[in-house]
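Each chain, letter by letter, is given below.
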Amino acid sequence: MQWNIVPEYVSLVFLSILLVYSWDANLLPTMKNRLFHFCLRFVLLEIVLSIVSIYAIEQYARLPILLNQLIQMAFFLAMPVMALLFLFYVIALSKENDSILSRRFQVAAIPYGMYAVLVMTNPLTGFLFHIDAKVGFYNGKGFWVVYAVPILYLIVMYRVILRSRERIEKNQRLILMTFPSVTLAVIVIQLFLHDVVLSGTAATASLLILYLFLQNRKIMQDDLTGFQNRKALLNVLDFQSKRNTRMSFLFVSLDDFKVVNDRYGQMNGDAILQAVSRFLAGIVPTRAIYRYSGDEFIIIFDKDIRMKVADVLEIVKRRFNEPWPFFEASCKLSASLATADFPDHAETVEDIITLLEYCIFTSKGTGKGKVIQADADMVGRFRRRGRIVESMRQGLQGNGFEVHYQPIFSVREDCYTTAEALLRLHDSELGNIPPSEFIPLAEETGLIVEIGSYVIHEVGRFLHELDLLDIEIEGISINLSALQLTEGDLAEVLTSAVRLHKIHPRQLGLEITESVFLDNPKRVAGLMQLLCSRGFLFYLDDFGTGYSNISNVVSLPFSYVKIDKSILYQAVSSMKGFHVLEGLTRMFSDSGMKLILEGVETEEQKALSKAVSVDHLQGYLFSRPLPAPEVIALFHGRRHKPQGLGRK
Ligand code: C2E
Ligand code: CA
Ligand code: CA
């Protein structure tokens, strides 16, 4: 029989190109990368063996039988290896730790081991094939095993790919499916075209697809700077941390780069970034630098980098005193810098990245061009933050959050009429965490949206409970953060909460500060109008701090204004302060808004608040925020009126 081995020659050419093109001395020695390169070389060998074996079969009369036997055995031994290697590759992608990997590899190799025994004993048994000086090559009665072993591997491969949904993304899974699919297709084609040899073509096609989509260096590279990208960084960190490699990090984050882009345009912005990249590449080897985000770079110092972090930090710091050239011009830039060590400052990859981000975040909070080096104190604060975030997550599962209520005293009615809901967080390790600490973190992590919904429902439930107990209360106000108004479906959450807990929207007061108008004033104003039309009342919280802007208050549908305690304290300490308070209260009440004075702590402050026209008083003098049962007791019957206030 005459064989057509042209496809094998073509594959050989393609494979050689691929081998040269994918050569990268700096490639991370992960199991996946090593397997891919081993596969490449192995397929090359397999194709050569395939060509030699066909040649030997055709020339059987001229070759010594023993030599022919050996050539065929070598080919038969090599044949299913590609499928096995590919299965290893898929397992390496889908498994998390090396010890599991090697066990899986051993199990996967068992069928091949048995097959290899059949090949080695074939000269005695003739089970797989025969080589005869007269008739040449012909199949043995167990020839089907030669197909059965790779097919078995293909089936297992499908199974592994399909079962690794959590660890391998959908796109990657589709790409990985190529190998078993192409190989099966080739086996079917081979059944019809006996004389065309396609085994090498199948393997080459699969490797090419793998290279293009999964192994291509470009996937890990940033186009603009040529540095490795964030994906590459995460891969390296994952790899090195599993080996407990000591590493130091330098995080370089350009300050206000958005402003640079806005002022000079995107093209110039890119040129400036390239100038910074060239500078960084001039001090440390490029393979150590990663473009973490648009205007952020991370340099990893491991044992192969000779320079010390502190020295590089100094050089970078100094360079930012000079202008950066772009095209015909130049501009000044500043960068916030942070350093940290692994594993000294953080034990996991995620932690080291978040620690660096935290350092940069803290440094930017104190100004531009600052350097923060992670130390025990910083790490302590960082860990506390992590613990608090964890604690809030647990709180949302029903373990740690509790809503307290601070009664609010009505001057006219001479008793408590409303209350403010204030969230409390208790952690088994850290104890009580103040809202001033956990609320900003909840806002930063976005957890506030979910926490906000939790508070809304808790308060809704409590109002319903008060109703069942026949306790009259005008309402309870809750605090809303900006994110709740700009993201999430606040209107929906509020509306369904009042429906579910059978309360009136008016009873669920909504406290917001002026800062919520900073980001998206139109959207917030629109949402306020919508909620007002559904019967909710708005309270302007902390008036007198931060962004106080009278026009906001007047143009927006606020029913209450809560005057911040700082204004009250000023009013007590100076005549000028008193006039400010007096003017404010008159203006608001003339505009039809009700006033609540916050932070009343002393009799003196209480007396002063009477001299101005406020409707409600809130403060420690009356009551601290209390847990629900104590508020119930306080609001119940006679105790409605605060003790000691009868003297008024
Ligand atoms: P806020 O809305 O201004 O709440 C009033 C704060 O003043 C409360 O602090 C309260 O305990 C405190 N306070 C009450 N009376 C007095 C007083 O006489 N003197 C002094 N010095 N302070 C008094 P707290 O409970 O620590 O809450 C702090 C902040 O945390 C709140 O300030 C609010 O902005 C935020 N917060 C609390 N709960 C929530 C919540 O559920 N959601 C959101 N988004 N923020 C909340
Ligand atoms: Ca408030
Ligand atoms: Ca307040």
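Everything below is about the structure printed above this text.
Here the residue index of a chain counts from 1 through its sequence in written order. By the order in which they are written, chains take letters starting at A while ligands take numbers starting at 1. Per-residue local features are limited, in this predicted model, to residues with pLDDT of at least 70; the limit for side-chain atom pairs, both in listing and counting, is 80 or more; totals at the level of whole chains, interfaces and linings are taken over all residues. Side-chain metrics rest on all non-hydrogen atoms present in the structure, leaving aside hydrogens and water.

What to know about the overall build of the chain
Basically, it comes down to this: A run of H or I in DSSP counts as a helix once it spans at least four residues, and a run of E counts as a strand once it spans at least two, with each numbered from the N terminus. For this measure, only C-alpha atoms enter the radius of gyration; the expected value for a globule follows 2.2 Å times N^0.38, where N is the number of residues. Exposed residues in this analysis have more than 50% of their type's maximum accessible area, buried residues have under 20%, and partly exposed residues fall in between, with area computed by a 1.4 Å probe over protein chains only. Whether two residues touch is decided by their heavy atoms; if any such pair falls within 4.5 Å, the residues are in contact. In short, Shrake-Rupley with a 1.4 Å probe defines the accessible areas, and a residue's cover is counted only from the protein chains shown. We treat Lys and Arg as the positive residues and Asp and Glu as the negative residues; His and chain ends play no part in the count. Each charge is placed at NZ for Lys, CZ for Arg, CG for Asp and CD for Glu.
When its secondary structure is counted, the chain shows 25 helices and 19 strands. Relative to the globule expectation of 26 Å for 648 residues, the C-alpha radius of gyration of the chain, 36 Å, shows a markedly less compact shape. The C-alpha extent of the chain, read off along each of the three principal axes, is 125 × 65 × 40 Å. Counting across all 648 residues of the chain, residues that qualify as buried make up 50%. Within the chain, contacts between residues separated by at least 24 positions form 69% of all contacts whose residues are at least 6 apart in sequence. With an accessible surface of roughly 32,000 Å², the chain has 57% of that area assigned to carbon and sulfur atoms. With 65 positive and 67 negative side-chain charges, the chain shows a separation of 4 Å between the mean positions of the two kinds.

Quick word on the pairing of strand β17 (residues 594-597)
To be explicit about the condition: Whether two strands pair comes down to DSSP finding at least two bridges between them. With its strands directed away from the observer, a crossover is right-handed exactly when the path from the first strand over the helix to the second travels clockwise.
Across four bridges, the pairing between strand β16 (residues 560-563) and β17 is parallel. From the neighbouring strand, lysine 562 faces β17, where its bridge partner is isoleucine 596. Bridging between β17 and strand β18 (residues 616-617) involves two bridges; their strand directions are parallel. Across the sheet, residue leucine 597 finds its bridge partner in β18, namely leucine 617. You can see the chain leave β17, run along helix α24 (residues 603-611) and come back into β18, and the turn it takes is right-handed.

Comments concerning the nonpolar core
The line we're drawing: The nonpolar core is taken to be a set of buried Ala, Val, Leu, Ile, Met, Phe, Trp, Tyr and Cys residues, with the residues joined through side-chain atoms within 4.5 Å.
Membership of the largest hydrophobic core comes to 80 residues, with the highest contact counts inside it found for Met392, Tyr405, Val459 and Ile476. Take this core: its biggest share by element is ten residues, from helix α17 (residues 447-468). Ile54, Leu101, Tyr112 and Leu154 belong to the second-largest nonpolar core, a separate cluster that totals 64 residues.

Description of the pattern of salt bridges
To keep it simple, the criterion reads: Just to be clear on terms, a salt bridge is a Lys or Arg side-chain nitrogen sitting within 4 Å of an Asp or Glu carboxyl oxygen.
Counted by the stated rule, this structure contains 18 salt bridges. The partner of lysine 242 in a salt bridge is aspartate 238, and the shortest N-O contact between them spans 3.4 Å. A residue pair is termed a helical-turn pair when its members lie 3 or 4 positions apart in one helix, as lysine 242 and aspartate 238 do in helix α10 (residues 230-242) at four residues. Look at lysine 242 and you get partly exposed, because its relative accessible area is 44%. Measuring nitrogen to oxygen at the nearest pair gives 2.8 Å for the salt bridge that ties glutamate 420 to lysine 562. Residue glutamate 420 is found in strand β11 (residues 415-427), and its partner lysine 562 is found in strand β16; the two are separated by 142 residues along the sequence.

Digging into the coordination of the calcium ion (ligand 2)
Quick reminder of the rule: Listed donors are limited to N, O and S atoms within 2.8 Å of the metal, widened to 3.2 Å for Na, K and Ca; water is not among them, so incomplete-looking sites are possible.
Here the calcium ion (ligand 2) is held by Glu420 (OE), Asn479 (OD1), Glu511 (OE) and Asp541 (OD), and the distances to it run 2.1 to 2.3 Å. In primary-sequence terms, the residues that donate to the calcium ion (ligand 2) follow E-x58-N-x31-E-x29-D. In this structure, the calcium ion (ligand 2) lies 3.7 Å from the calcium ion (ligand 3), and both are coordinated by aspartate 541. Taken together, the positions of glutamate 420 in strand β11 and asparagine 479 in strand β13 (residues 475-479) put the pair 59 residues apart, joining distant regions of the chain. Taking relative accessible area as the criterion, asparagine 479 reaches 31% and is therefore assigned partly exposed.

Things to note about the sheet that holds strand β3 (residues 247-254)
So the rule is basically this: Here an angle of 0 to 180 degrees is reported between the N-to-C directions of two axes, which are lines fitted to C-alpha atoms, with helices fitted over the stretch in contact.
Overall, mixed pairing links the five strands, which are arranged β4-β5-β3-β8-β9 in an open sheet. Each edge of the sheet is formed by a strand with only one pairing partner; in this case those strands are β4 (289-293) and β9 (371-373). The average undirected angle you get between the axes of adjacent strands in this sheet is 20°. Against the sheet, α10 makes contact with β3, β4, β5 (296-301) and β8 (335-342), and its axis sits at roughly 120° relative to β4, the strand it touches most. Its contacts with the sheet put helix α13 (residues 309-319) on β3, β5, β8 and β9, and the angle it makes with β3 is roughly 10°.

A word on a nonpolar patch on the surface
The test is simple: Excluding any residue in a salt bridge, patches collect residues exceeding 30% relative accessible area, merging like charges within 9 Å and nonpolar Val, Leu, Ile, Met, Phe, Trp and Tyr side chains within 5 Å.
Judged by side-chain polarity, Val188, Ile189, Leu191, Phe192 and Leu193 come together as a nonpolar surface patch covering roughly 500 Å² of accessible area. If you trace the backbone, leucine 193 turns up in the loop between α8 (170-192) and α9 (199-215).

Let's talk about a positive patch on the surface
Together, Arg103, Arg104, Arg159 and Arg163 make up a positively charged patch on the protein surface. Within the residue set of the positive patch, elements represented by two or more residues are α5 (98-120) and α7 (144-163). Relative to the helices and strands, arginine 104 resides in helix α5. Taking the relative accessible area as the measure of exposure, arginine 104 reaches 44% and is therefore partly exposed.

What about the coordination of the calcium ion (ligand 3)?
Of the protein atoms, only Asp541 (OD), Asp542 (OD), Glu598 (OE) and Glu598 (OE) coordinate the calcium ion (ligand 3), at distances of 2.2 to 2.5 Å. Linear spacing of the donor residues for the calcium ion (ligand 3) on their chain is D-D-x55-E. The class for glutamate 598 is buried, based on a relative accessible area of 10%.

Things to note about unusual backbone geometry
Here the amide bond leading from phenylalanine 342 into proline 343 is cis, since omega sits at 0°, within 30 degrees of zero. Its location among the elements puts proline 343 in the loop between β8 and α14 (349-365). Even without being a glycine, aspartate 414 presents a positive backbone phi close to 60°. At aspartate 470, a residue that is not glycine, the phi angle is positive and equals roughly 65°. Position of aspartate 470 relative to the elements: it lies in the loop between α17 and β13. For aspartate 470, a relative accessible area of 71% puts it in the exposed group.

Some words on the side chain of serine 477
Just so we agree on the cut-off: We call two N or O atoms a polar contact when they sit within 3.5 Å, provided that within protein one can donate a hydrogen and the other can accept it, with sequence-adjacent residues counted only if both atoms are side-chain atoms.
Residue position: serine 477 is located in strand β13. Classification of serine 477 by relative accessible area gives buried; the value is 1%. At 2.6 Å, the side chain of serine 477 and the side chain of glutamate 511 are in polar contact.

Things to note about the site of ligand 1
What counts here: Put simply, a residue is near a molecule or strand once any heavy atom of it comes within 4 Å of that molecule or strand. In this classification, Asp, Glu, Lys and Arg are treated as charged, Ala, Val, Leu, Ile, Met, Phe, Trp, Tyr, Cys and Pro as nonpolar, and every other residue, Gly included, as polar.
Every one of the 21 residues lining ligand 1 counts as a neighbour, but Arg424, Asn479, Ser481, Glu601 and Tyr620 are closest to it. Here an oxygen atom of ligand 1 sits 2.9 Å away from a polar atom, N or O, in the side chain of arginine 424. Contact with the protein chains hides 81% of the accessible area of ligand 1, taken as 790 Å² for the molecule alone. Sorting the residues of the shell around ligand 1 by element identifies β11, α16 (435-445), β15 (538-543) and α22 (565-573) as the ones contributing at least two each. For the shell around ligand 1, a count of residues per class yields nine nonpolar, five polar and seven charged.

Section: the packing of helix α1 (residues 6-21) against helix α2 (residues 31-58)
Applied cut-off: Under this scheme an angle from 65 to 115 degrees is roughly perpendicular, one under 35 degrees roughly parallel, and one over 145 degrees roughly antiparallel; angles in between are oblique. In this scheme, a crossing is called left-handed if the near helix is turned counterclockwise away from the far one by less than a right angle; it is called right-handed if the turn is clockwise.
Two elements in contact, α1 and α2, have axes separated by 10 Å at closest approach and are oriented at 160°. As summarised for this structure, α1 and α2 are arranged roughly antiparallel, according to the angle between their axes. For the pair α1 and α2, the crossing hand works out as left-handed. From α1, Glu8, Tyr9, Ser11, Leu12, Leu15, Ser16, Leu18 and Leu19 reach across to α2, where they touch Leu40, Arg41, Val43, Leu44, Ile47, Val48, Ser50 and Ile51. A class-by-class count of the residues in the contact of α1 with α2 yields eleven nonpolar, three polar and two charged.

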